[in-house]
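Summary of the model geometry
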Amino acid sequence: MEACMDFMNWLDLDMSVKLLMHLKDQSDLARVSSVSRSWRDFVIANGLFKQLCLRMFPQLSKVTHVMELNNCGAKEPVEVGSSHSMEWESLARDHRVYATLARVCTSFRVQDCISEAISASSTDNYPKETIDNTLLPADIVSQRAYWSSKGQSNPAVPETLTYKLVSEFCVITEIYIHPFKAYFQRGSPIYSAKAVRFRMGHPKSPNDFGSHLLGDSLPSADDTFIWTYTSPEFAMAQDSCLQKFRLPEPVLCIGGILQIELLGRVQTQEIDGLFYICISHVHVVGRCLSPAFVVENIQPSGTFVLKKDMRCKFHTQQSSPDNEAQEISDDQLQSRFRYLRNYLRNLNVIEIDEYESGEEEDVVEIEEYESGEEEDVEIEEYGSGEEEDEAEEEYLL
């Protein structure tokens, strides 16, 4: 029987690297690392997982170094003896961090990635038409919940909506925007934009927008934020529906800021003849990589430190398309509840009790206003299905 031969030993270094660089799936590269100790050492020594991540997300070129948090089993090399051991430990750490990053970027659960609104470039009737209205759940938004820009005589004047994402480290794939249709105006005009473009980045300073009220306009987005990604323009249809804009490639947003640029106006308001843009709902789809990964020390130049928390367990089951972006966190739920409550209070339509986290109320009284008629609606919490089954069994006996 012929002895097994490692063909990698017959190739020069550059040829071997080029060969393995053709592997575009992280699982294939992981299998290569599992073939033998020599192959694993080759992958580590040449930083192939890091190069794979850089091809997937060019934004990672700004990483100065990586760190592992809460890695109790790891031993930092002592700065004595051979420097080769320290260099190898650094390469092995990069390998572990980037190998995990490549895996979770494509396998973490897809979710809604907007945390809260930061500002709009203009608001026609604040706070009634605030940017907060664009984050109300799409299935319960009334016909009068929307954001509206100020009117302009020049249809070329753009508008921007700026949002904070759920994490400073997210992979964004799709953005959904629903233009507003004014059913209460003659002809039911739709105040969409001609085109839309997206920018992602980070604040120049953590306090750059902290002193501003949500919905207020910031002095200048370019003075407040540093944009690390700008998408191509997408045409927007003048149609009252949730319009999907899929990015050409998944984008790693470092810093947690997303801005929507609404370019060009198409609809005038009959009462004043000015052009407006109105949006009723915004939805951002992607994968949040925190708390498994954390970014720190983001500099104005865009450089940052990437940290991996070793205590986090990675659940990497692929989400099915039917279930994508359906789950939201408790913080998002409370935030959107506040938006809905404030909106309804501004309209003097509904009185709703304060929401306390972790508490449940058996009875909620809602005053509903429709077509000039007031109706008192009392919603009571019904018993469980088990009680109904027991009552039915008693009746049958």
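Residues numbered from 1 in each chain as written. Predicted model: local features only at pLDDT ≥ 70, side-chain atom pairs only at ≥ 80, totals over all residues. Heavy atoms only, no water.

Attention now goes to the overall build of the chain. Along its length, the chain carries 8 helices and 18 strands. Considering only residue pairs separated by 6 or more positions, the chain has 75% of its internal contacts joining residues 24 or more positions apart. Just so you have it, the chain exposes about 22700 Å², and 49% of that area is on carbon and sulfur atoms. (Helix = DSSP H or I, 4+ residues; strand = E, 2+ residues; numbered from the N terminus. Contact = heavy atoms within 4.5 Å. Areas by Shrake-Rupley, 256 points an atom, 1.4 Å probe, with all protein chains shown as cover.)

We now examine the packing of helix 4 (residues 48–56) against helix 5 (residues 83–107). Between helix 4 and helix 5, whose axes approach to 8 Å, the crossing angle comes to 40 degrees. Here the hand of the crossing between helix 4 and helix 5 comes out left-handed. Residues Phe49, Lys50, Leu52, Cys53 and Met56 of helix 4 lie in contact with helix 5, whose contacting residues are His95, Tyr98, Ala99, Leu101, Ala102, Cys105 and Thr106. Here the residues of the contact of helix 4 with helix 5 sort into 9 nonpolar, 2 polar and 1 charged. (Axes fitted to C-alpha atoms, helices over the stretch in contact; angles between N-to-C directions. Left-handed = near helix turned anticlockwise from the far one by under 90°. Nonpolar A, V, L, I, M, F, W, Y, C, P; charged D, E, K, R; others polar.)

Further remarks concern unusual backbone geometry. Looking along the chain, the bond that leaves Tyr126 and enters Pro127 is cis, with omega of 5 degrees. Here Pro127 lies in the loop between strand 3 (114–120) and strand 4 (147–148). Following Ser290, the chain continues into Pro291 via a peptide bond in cis, with omega recorded as 5 degrees. Looking at the secondary structure, you find Pro291 in the loop between strand 14 (278–288) and strand 15 (293–296).

For the rest of this paragraph, the subject is the sheet that holds strand 16 (residues 304–309). The sheet built from 3 strands is open, its strands ordered 1-16-15 with mixed pairing. Edge positions in the open sheet fall to strand 1 (63–69) and strand 15, since each of these has one partner strand only. Averaged over all adjacent pairs, the angle separating strand axes in this sheet is 25 degrees, with direction ignored. With 6 bridges connecting them, strand 1 and strand 16 associate as parallel partners. Considered in strand 16, the bridge of His65 is made with Val305. Strand contacts of helix 5: strand 1, strand 15 and strand 16, with the helix running at about 90 degrees to strand 1, the strand carrying the most contacts. (Pairing = 2+ DSSP bridges.)

So, about the packing of aromatic side chains. Inspection of every chain in the model, using the stated rule, returns 8 aromatic pairs. Geometrically, the ring pair formed by Tyr146 and Phe180 is stacked, given 3.9 Å between the ring centres and 15 degrees between the ring planes. Taken together, the residues span a long stretch of sequence, with Tyr146 in the loop between strand 3 and strand 4 and Phe180 in the loop between strand 6 (169–179) and strand 7 (193–203) at a distance of 34 residues. Taken individually, Tyr146 and Phe180 each receive the classification buried, so the pair is uniform in this respect. Feature note: the residues Tyr146, Phe180 and Phe184 constitute an aromatic cluster, connected by ring pairs. (Phe/Tyr/Trp six-rings, centres within 6.5 Å; stacked < 30°, edge-to-face > 60°. Buried < 20%, exposed > 50% of the residue type's maximum accessible area, 1.4 Å probe, protein only.)

What follows covers the UniProt feature "domain: F-box" (unreviewed entry) in the chain. Sequence positions flagged by UniProt for "domain: F-box" (unreviewed entry) are, in local numbering, residues 17–55. As annotated, residues 17–55 comprises 77% helix and 0% strand, and the C-alpha atoms at either end are separated by 15 Å. (UniProt positions renumbered as here; feature names shortened; annotations may be inferred.)

Scanning the model with the defined rule gives 0 disulfides in all. In this structure Cys170 is not part of a disulfide, and its nearest cysteine sulfur, from Cys288, lies 4.6 Å away. On the basis of relative accessible area, Cys170 is assigned to the buried category, the value being 0%. (Disulfide = S-S within 2.5 Å.)

A separate point is the pattern of salt bridges. Counted under the stated rule, the structure contains 10 salt bridges. The partner of Arg96 in a salt bridge is Glu89, and the shortest N-O contact between them spans 3.3 Å. Put simply, Glu261 and Arg199 hold a salt bridge, and the shortest N to O gap is 3.7 Å. Residue Glu261 is found in strand 11 (residues 257–265), and its partner Arg199 is found in strand 7; the two are separated by 62 residues along the sequence. A single burial state applies to Glu261 and to Arg199, both of which are buried. Within the structure, one salt-bridge network assembled from shared partners comprises Arg197, Arg199, Glu233 and Glu261. (Salt bridge = Lys/Arg side-chain N within 4 Å of Asp/Glu carboxyl O.)

Right, let's get into the pairing of strand 5 (residues 159–165). When you tally the buried positions in strand 5, you get 6 out of 7 residues, the bulk of the element. By the bridge criterion, 5 bridges tie strand 3 to strand 5 in an arrangement that is antiparallel. Bridged to Ala120 within strand 5 is Leu161. Alignment of strand 5 against strand 11, held across 6 bridges, turns out to be antiparallel. When the sheet's bridge partners are listed, Glu159 is paired in strand 11 with Leu262.

On average, residues of the chain carry a pLDDT of 76, and 66% of them reach 70 or more. A low-confidence stretch, residues 315–327 (pLDDT under 50), is modelled with 22 contacts involving residues beyond four sequence positions or located in other chains. Predicted confidence is poor over residues 350–397, with pLDDT under 50, and the contacts of this stretch with residues over four places away or in other chains come to 43 contacts. (pLDDT = per-residue confidence, 0-100.)

This paragraph deals with helix 3 (residues 37–45). Residues Trp39, Phe42, Val43 and Ile44 constitute the buried set of helix 3. Just downstream of helix 3, Gly47 is the residue with a positive phi angle, here 55 degrees.

Relative to the elements of secondary structure, Leu60 occurs in the loop between helix 4 and strand 1. Taking the C-alpha atoms as reference points, Leu60 and Gly302, separated by 242 residues in sequence, lie 9.9 Å from one another. Contact partners of Leu60, with chain neighbours within four places excluded, come to Cys53, Leu54, Leu101, Phe169, Leu252 and Phe304.

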